[in-house]
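Inside the fold
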Amino acid sequence: MKVYKFFLLCLFLLSLISCAQVSNPKNDAVAIEQKIEVLLSKMTLEEKLGQMNQISSYGNIEDMSRLIKKGEIGSILNEVDPVRINALQHVAMEESRLRIPILIARDVIHGFKTILPIPLGQAATFDPKVAEDGARVAAIEASAVGIRWTFAPMVDIARDPRWGRIAEGCGEDPYLTSVMGAAMVRGFQGDSLNSPTSIAACPKHFVGYGAAEGGRDYNSTFIPERRLRNVYLPPFEAAVKAGAATFMTSFNDNDGVPSTGNSFILREVLRKEWGFKGFVVTDWASATEMINHGFAADPKDAAMKAVNAGVDMEMVSYTFVKELPDLVKEGKVKESTIDEAVRDILRIKFRLGLFDDPYVDEKKDTVMYAPSHLDAAKQAAIESVILLKNDKEVLPLNASVKTVAIVGPMADAPYEQMGTWVFDGDKTHTETPLKAIQELVGNKVRIIYEPGLTYSREKSEVGVAKAVEAARHADVVLVFVGEESILSGEAHSLADLNLQGDQGTLITSLAKTGKPVVTVIMAGRPLTIGKEVNESAAVLYSFHPGTMGGPALADLLWGKAVPSGKTPVTFPTTVGQTPLYYAHNNTGRPADGTELLLSETPVGAGQTSLGCRSYYLDAGFKPLFPFGYGLSYTTFKFSNIKLSANSLKKNDTLGVTFDLENTGKYEGTEVAQLYVQDKVGSVTRPVKELKRFARVTLKPGEKRNVSFTLPVSELAFWNIDMNKVVEPGDFGLWVSSDSRSGKEMSFKVVD
Ligand code: NOJ
């Protein structure tokens, strides 16, 4: 009997130990590595290469099943039907030799069904919670159909609005993009990858894609290593720190090396320096595109270069399955390299819990457009809208406004307002401004709806005339213009950033009526809108705001919400100023505004009279709106800015405190921004760099003491010796409401 009790006690203790092991991530990781090795030891070379192969759904389920049975597919993208996904997983789990689940992928960029504002709009919120909540909503909806991997976030720094894909990222700034991108990774992946609602993130496009020459998509880039490290790599490193499970290579060749064949970025930086343990997928056929680049001779050469450079999975170009058997036989690719890639892929499949249960409940579509998801989308849209102008406080509209004319092609364009990369969001769920305003104001305000133009590129004198007629009968004109969703995003670069079609004429004609014109712009990029800003009494810039854009804008227009968005990217006055960004170097001849412009230049002027400064004779050097800019219905005052010390050592932390006061009539949120300038370096440094920001909500008259802490280590940059160091010396510091305002303070870093 005693022996029996002792035996039971042992069992109990053992179960406690194993419970502890289950809940301990380190033990889980060890267990996963063991399982990977067991599996790998059973795999043929062909089965290994199958894991490295991603196909886009063939549509025909039988064809895919045949390949899955033979172990020739590791991942499928563009499959969204839970019944079909379950069927495919069933083949993998029951009919393939090694029972390895399929990883189902999709571009869930800013929402699956419920569409959040485009990422550039999310960046305008300067609110990582918006980005995290939005990605969570997307993950919950996408995972409900069996998608467990998204190709997002895009954390490419983009400083040229001609590039259509500027819409998909967080704009021009490495710090803002790092914070927002990391938040998106957390939102997609949730607390633990193996939760059924978690989807693996895939920061992309590694790296430099946003620097496409001339803003023309897919174009070559020339980013020297120092700039790569100081500007383009930090958001990717932040994504690794946030736990991103996978990475995608970019299409561009940088300084002659296509990313898909670039072992420096994939092996040295990503794996050795940053310790990344996930896997790397190519972009769509970017392995075979190395042939077009003139970097690989043929598909075999492309496969060899991609795998040896550190790519683990190939998206849709099939050179790995076709060419690697021979390459391994010939010794040109080591089987150990293949094993490493397969380990990386299997590790993510294990971590996602797919081996335990790859199936989904086929009837879980109740999560789509759930009220809480729509709330998150509305909140994101509210915070994303930037008030660029508000003359005579025309906004918010008040009770004296009895009749409004609603005009413009974006007023009731449910598909267009969702923006780029929307495959699954259903436009019948979109709430447009027209519908939302009707609901909000009921019969208290008379609405005359006359779109004038039916789509953004349309030209129509008749339409414009009708809209003008409507405006004449209104107290205020609300004009909704911008870009159809197809005008931004992949492959949709533009050489002209003015409003398309007759939209500019429409605004000019409306302004001529003398009625106050409130212009709302829904677009995928900053447009050159100087003329329209001049002609309008108020301007709200809403990047494509998604499913709930209408209610968000209606609330903002009537003051149920107060604008707080800030430009995540500099707005140029004209396309010829691009690329234009706030964190530029000073040059030896910085412009200061005293330069002569074309109109002021005397006829027959002598050669030295034009200022000899870095500016455009016809467009100066100032942007239309600087980075970080955005007004509110209320006003804010920064005062009493104090630094914890004027002289700091490299291990110290700088404290910055200041008072922020709401000096206006409405409760509102200001995005307080902290910028720093390293005055003299072993290499030239940007005139300002964003280092911290905070959203602060204050009631009218409320004053709050706000603080930032900034470890001096965060002033480090890649210096002349290509080391990341803090160089001692003088620094400027600004606490302000945008990148151009604020009074300069100073501090020193000493050895
Ligand atoms: C090409 C795009 O560049 C990339 O961002 C996307 O994820 C893939 N296609 C898959 O659709």
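Residues numbered from 1 in each chain as written. Predicted model: local features only at pLDDT ≥ 70, side-chain atom pairs only at ≥ 80, totals over all residues. Heavy atoms only, no water.

Focus on the sheet that holds strand β19 (residues 668-678)
Read from one edge to the other, the open sheet built from five strands follows the order β17-β25-β24-β19-β20, with strand pairing classed as mixed. Of all strands in the sheet, those with a lone pairing partner are β17 (647-649) and β20 (689-698), marking the two edges. Averaged over all neighbouring strand pairs, the angle between strand axes comes to 25°, with direction disregarded. As paired strands, β19 and strand β24 (residues 729-736) are joined by six bridges and run antiparallel to one another. From the neighbouring strand, V676 faces β24, where its bridge partner is L733. (Pairing = 2+ DSSP bridges. Helix = DSSP H or I, 4+ residues; strand = E, 2+ residues; numbered from the N terminus. Axes fitted to C-alpha atoms, helices over the stretch in contact; angles between N-to-C directions.)

Considering the domain arrangement of the protein
Structurally, the protein comprises domain 1 (45-351), domain 2 (380-557) and domain 3 (636-750). Inter-centroid distance (C-alpha atoms) of domain 1 to domain 2 is 36 Å. With 32 residues of domain 1 in contact, the opposing surface of domain 2 contributes 32 residues. A combined buried area of about 2400 Å² lies between domain 1 and domain 2, and 60% of that area is made up of carbon and sulfur atoms. (Domains from an automatic or database assignment. Contact = heavy atoms within 4.5 Å. Buried area = accessible area lost by both parts, 1.4 Å probe.)

Observations concerning the site of the ligand
Taken together, 13 residues surround the ligand, and among them D107, R165, K204, H205 and D283 come closest. Separating an oxygen atom of the ligand from a side-chain N or O atom of R165 is a distance of 2.7 Å. Between the ligand and K204, the relevant distance is 2.8 Å, taken from an oxygen atom to a side-chain nitrogen or oxygen of the residue. Notes on the ligand: free accessible area 300 Å², of which the protein chains cover 94%. A class-by-class count of the residues in the shell around the ligand yields seven nonpolar, one polar and five charged. (Near = heavy atom within 4 Å. Polar contact = N/O pair within 3.5 Å; in protein donor to acceptor, adjacent residues only side chain to side chain. Areas by Shrake-Rupley, 256 points an atom, 1.4 Å probe, with all protein chains shown as cover. Nonpolar A, V, L, I, M, F, W, Y, C, P; charged D, E, K, R; others polar.)

Structural notes on the sheet that holds strand β1 (residues 53-56)
With respect to topology, five strands assemble into an open sheet ordered β4-β3-β2-β1-β9, the strand pairing being parallel. The sheet is open, and its two edges are formed by β4 (149-150) and β9 (314-315), each paired on a single side.

Things to note about the pattern of salt bridges
It is possible for side chains of opposite charge to pair when their charged atoms get near one another. Inspection of every chain in the model, using the stated rule, returns 49 salt bridges. A salt bridge links E132 to R186, with the nearest nitrogen and oxygen atoms 3.1 Å apart. Linking E132 in helix α7 (residues 128-143) with R186 in helix α8 (residues 174-189), this pair joins segments that are 54 residues apart in sequence. Looking at R186, the relative accessible area reads 38%, which means it is partly exposed. One network of salt bridges, in which partners are shared, links E33, R271, D312, D344 and R347. (Salt bridge = Lys/Arg side-chain N within 4 Å of Asp/Glu carboxyl O. Buried < 20%, exposed > 50% of the residue type's maximum accessible area, 1.4 Å probe, protein only.)

Quick notes on the side chain of T114
Among the structural elements, T114 can be located in the loop between β3 (103-106) and α6 (119-124). Judged by its relative accessible area of 0%, T114 is buried. A polar contact is formed between the side chain of T114 and the side chain of E141, at a distance of 2.6 Å. Once residues lying within four places of it in the same chain are set aside, the contact partners of T114 are V137, E141, Y369, H373, L374, A377 and T547.

What about the nonpolar core?
The biggest cluster of nonpolar side chains holds 69 residues, and the ones touching the most others in it are M52, W149, F206 and I338. Ranked by residues supplied to this core, first place goes to helix α15 (residues 335-351) with seven residues. The contacts of F206, once residues within four sequence positions are left out, are L233, F236, F247, M248, T249, S250, S259, I265, L266, L270 and W274. Within the second largest apolar cluster, 50 residues are counted, among which are A142, M180, A244 and F693. (Core = buried A, V, L, I, M, F, W, Y, C linked by side-chain atoms within 4.5 Å.)

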